[in-house]
Every structure is written in structure tokens, then in C-alpha cells.
Amino acid sequence: MTDYNPKDERRDNYPHFLTIPTRWRDMDVYQHVNNVIFYAYFDTVINEYLIHEGGLDYTEGETVGFAVESHCQFLQPIKFPDILNAGLRVAKLGNSSCRYEIAIFKEGDDNPSAVGYFVHVFVDKETTRPTPITGQMRIALEKLVVN
């Protein structure tokens, strides 16, 4: 097994991207995007994909994804008004769970500013019990699976 170095991540490693503009209010007193905002970027790229490609209907649908784990490693600061490209891939697709990996790049920069992961367990909205990922959602997630 080789040693993983997040600084070695590149855009080519991610099959899906979403452009996200930074906002003035994203910055903290240190004049860079605050660490908690990165989790919002992660959530945004994932849910944009699930809604548009997977058919997720979080208001009327029967299944939703619950976040059960997340992690972010910060590599270089981001400031307003940077434009970001959030890369998304699926590292593991289980019966009812999915581990996404995300990289945040400044537009025009091939070196990531942050990398991380996010795990969803898909549940029945009524019972909140895990439910299998099927149909359009499974097809969409399979498109993002990388080795």
C-alpha cells in the first residue's frame, strides 16, 4: 500500500465538479475562509449531484441521506472573492451507505486547497432506518466510483 498524500490530489482524480463562489461572510477574523465553511462546500457539491443526477427529492421523497461522518484536511487558505471548484468522487458504495471524497480547488489552480470525505447513510424518511440505495440514485453514484 502506498502512502496517501492529500497534496498529491489533482483535478483529474474527480469525475464531477461544481463551481462555488466564496462569499464575503465566509471569511473569519484571520481573513481566510473559516474551517466550518468547507463542510458546507462538501454538503453543497454532494447534494447538488444527488438532486440533479440521483433524483433525490428531500421534500417529497421516501429516502434521504443522513451524514454520519466527515473529515477535512486544510492545505492552503482561500479568501473572498475566490471562485472554487469542488470535485466529487465516490470511494465506497455500500448497500445503504456511501463514502464521498471531495477536493476543493481554487479556480485555475491544480493544487487542492482542502480535501476530505463525507459519509451518508440512506434512510427511510419515516422510520430513519437504513434503506438500500437503488434505482436512479445507485446508477448516479456508480458513475462517480473510482478505484
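All of the points below concern the structure found in this document. Predicted, not measured: the structure shown is a model, and the values here were computed from it.

Assigned secondary structure in the chain consists of 2 helices and 5 strands. Mapped from its N terminus to its C terminus, the chain presents α and β elements in the order β-α-β-β-β-β-α. Taking 147 residues into account, the globule formula puts the C-alpha radius of gyration at 15 Å, and the chain, at 16 Å, falls close to it. A principal-axis box enclosing the C-alpha atoms of the chain has dimensions of 45 × 40 × 20 Å. The burial tally for the chain puts 40% of its 147 residues in the buried class. The contacts of the chain with a sequence gap of at least 6 include a subset with a gap of at least 24, amounting to 70%. Accessible surface for the chain amounts to roughly 8500 Å². Of this, 50% is attributable to carbon and sulfur atoms. Charge centroids of the chain, computed over 14 positive and 21 negative side chains, lie 3 Å from each other.

Its location among the elements puts G65 in strand β2 (residues 63-74). Residue G65 is classed as partly exposed on the basis of its relative accessible area, which comes to 26%. Measuring from C-alpha to C-alpha, the distance between G65 and N47 comes to 9.3 Å, with 18 residues separating the pair along the chain. Beyond its immediate sequence surroundings of up to four residues, G65 is in contact with H120, V121 and F122.

Here the focus is the pattern of salt bridges. Under the defined criterion, the tally for this structure stands at 5 salt bridges. For the salt bridge of D26 with R23, the shortest nitrogen-to-oxygen distance reads 2.7 Å. Classification of D26 as buried rests on a relative accessible area of 1%. The class for R23 is partly exposed, based on a relative accessible area of 38%. Several salt bridges share partner residues, and in doing so they unite E9, R89, R99 and E101 into one network.

What counts, and where the lines are drawn
Residues numbered from 1 in each chain as written. Predicted model: local features only at pLDDT ≥ 70, side-chain atom pairs only at ≥ 80, totals over all residues. Heavy atoms only, no water. Helix = DSSP H or I, 4+ residues; strand = E, 2+ residues; numbered from the N terminus. Rg over C-alpha atoms; globule rule 2.2 N^0.38 Å. Buried < 20%, exposed > 50% of the residue type's maximum accessible area, 1.4 Å probe, protein only. Contact = heavy atoms within 4.5 Å. Areas by Shrake-Rupley, 256 points an atom, 1.4 Å probe, with all protein chains shown as cover. Lys, Arg positive; Asp, Glu negative; His and termini not counted. Charge placed at Lys NZ, Arg CZ, Asp CG, Glu CD. Salt bridge = Lys/Arg side-chain N within 4 Å of Asp/Glu carboxyl O.

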